[in-house]
Amino acid sequence: MSEAILVDALEQLKPFLNDNKVLEIVVRGKNKRIAAFQKVLLNDIPQVQEKAAIEKAVNLLNRNTLLNERNLKLVSEVAKIQKIGLLLNGLNLCATCAGFAIMYEKLDKMSAEIGQQIYQLHNTVKQGNDVQSGYEFNKVLADHTDMLDCRKKKQPYPEGKMRELVDREYNVLMLLIDIFQKDIAADKEKVVFSIFSMLSMFTVALRYFDELYYTNNHEVLGNENVWHSSHNKWMGAYSTLLSQPFVEKLQDYAVFDAKLNTLGVDAYYISLMDQVVEQKEEVEDNQELIISLGDSTLLEALRDMTDMDIKKTISDAFSEACGDNSSPEVKKVYEDAMKQVGMA
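My aim in this report is to walk through the structure given alongside it, one point at a time. As the structure is a prediction and not an experimental result, all values here were calculated from the model. (Residues numbered from 1 in each chain as written. Predicted model: local features only at pLDDT ≥ 70, side-chain atom pairs only at ≥ 80, totals over all residues. Heavy atoms only, no water.)

1. Section: the environment of His 122
In this structure, His 122 sits in helix α6 (residues 97-124). Overall, His 122 belongs to the buried group, its relative accessible area being 0%. (Helix = DSSP H or I, 4+ residues; strand = E, 2+ residues; numbered from the N terminus. Buried < 20%, exposed > 50% of the residue type's maximum accessible area, 1.4 Å probe, protein only.)

2. What to know about the packing of helix α9 (residues 188-221) against helix α11 (residues 244-257)
Axes are the key here: two packed helices are described by the angle between their axes and the distance separating the axes. In contact at an axis separation of 11 Å, α9 and α11 are set at 140° when each is read in the N-to-C sense. Taken together, the axis directions place α9 and α11 in an arrangement best described as oblique. Here α9 runs over α11; the crossing is left-handed. Between α9 and α11, the residues in contact are Lys 188, Glu 189, Val 192, Ile 195 and Phe 196 and Phe 246, Leu 250, Tyr 253 and Asp 257, respectively. The residue makeup of the contact of α9 with α11, split by class, is six nonpolar, no polar and three charged. (Axes fitted to C-alpha atoms, helices over the stretch in contact; angles between N-to-C directions. Parallel < 35°, antiparallel > 145°, perpendicular 65-115°, else oblique. Left-handed = near helix turned anticlockwise from the far one by under 90°. Contact = heavy atoms within 4.5 Å. Nonpolar A, V, L, I, M, F, W, Y, C, P; charged D, E, K, R; others polar.)

3. Looking at the packing of aromatic side chains
Ring pairs (aromatic) are described by centroid distance and by the angle formed between their planes. Counting across every chain of the model gives 10 aromatic pairs. Between Phe 180 and Tyr 253, the aromatic rings sit 6.4 Å apart at their centres with planes inclined by 80°, giving edge-to-face as the arrangement. Of this pair, Phe 180 sits in helix α8 (residues 159-181) while Tyr 253 is found in helix α11, placing the two residues 73 residues apart along the sequence. You can call Phe 180 buried: its relative accessible area is 2%. (Phe/Tyr/Trp six-rings, centres within 6.5 Å; stacked < 30°, edge-to-face > 60°.)

4. With respect to helix α12 (residues 262-293)
Here α12 contains 32 residues, and its C-alpha end-to-end distance of 46 Å stays within 8% of the 46 Å for a straight helix at 1.5 Å per residue. Its side-chain oxygen placed 3.3 Å from the backbone nitrogen of Leu 263, Asn 261 serves as the N-cap of α12. Gly 294, located one to two residues past α12, shows a positive phi value of around 65°. (Expected span 1.5 Å × (residues − 1). Polar contact = N/O pair within 3.5 Å; in protein donor to acceptor, adjacent residues only side chain to side chain.)

5. A look at the packing of α6 against α8
The N-to-C vectors of α6 and α8 enclose an angle of 75°; their axes lie 10 Å apart at closest approach. The angle between α6 and α8 places the two elements in the roughly perpendicular class. Residues Ile 114, Gln 117, Ile 118, Leu 121 and His 122 of α6 touch α8, and the partners they reach there are Leu 175, Leu 176, Asp 178 and Ile 179. Looking at the contact of α6 with α8 residue by residue, the classes come out as six nonpolar, two polar and one charged.

Right, dumping it as structure tokens:
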């Protein structure tokens, strides 16, 4: 590759690198499965080889969906006050063991503080302490990990346990929303991050439960009422997050706590509201797929094909940029990218 081309490629990459040498990537898959993923860490690459590795990684960017420089700077501004890359890609991360490990690490560090705020909420609204054990934040994290591990090992996860997991994740999500809306949180950034992380966990668990419930019960239930009786209640979580009171609280946080300007506020809350809408649609689309295919094996095969397509897209981009003899540094960037989209 000529020096001129190398310089040009690095110039194109500049807007995507923040001060911590983090590559921010935006890619949209054919079925919107990869809505966005950012912060592919390049910090560990040796300084001498850094430019070459970054230049090779630039071809991972899908040129048809690159944000323009103005919008990218806006996203970067928002990312300073919120782990927006993780949030926008939360659904992917919460659907696999490798992906959830990234999310779990951050959520686990917050679990003690979040647990204390849930306890404070119970006292504020005069709820009994006897219900607190069902809403333990760290226990929900552990149970979600256990569920993903069973799926990874192709071991059946009991319908009853899956329903309990969905119910607990829904309850914790609603409690976190209450904490945010009642201004109980000392650290609102952590609560917002926890809300949208829990939403992603809940969406993944609800999709899996729908599949399991339909497979086990549709012959008995017939063509009507094929979903669990609590399904409408669970779906109410999305309506709550899209409601005007919650949106206004989110805007207030962005203005008064995060100190974002008008454009930053719009980029912040709209990106999160889009995520709520997309996750709601994920559940509804999945229900249609379940009924259309009528077979969990076919559904799993379809999902595997989709995952393979996304993996191939990322792999082909690296192969085109780096060839078959990629350096260990570039391979590390590739592996990190796969983990951060929950595909490893």
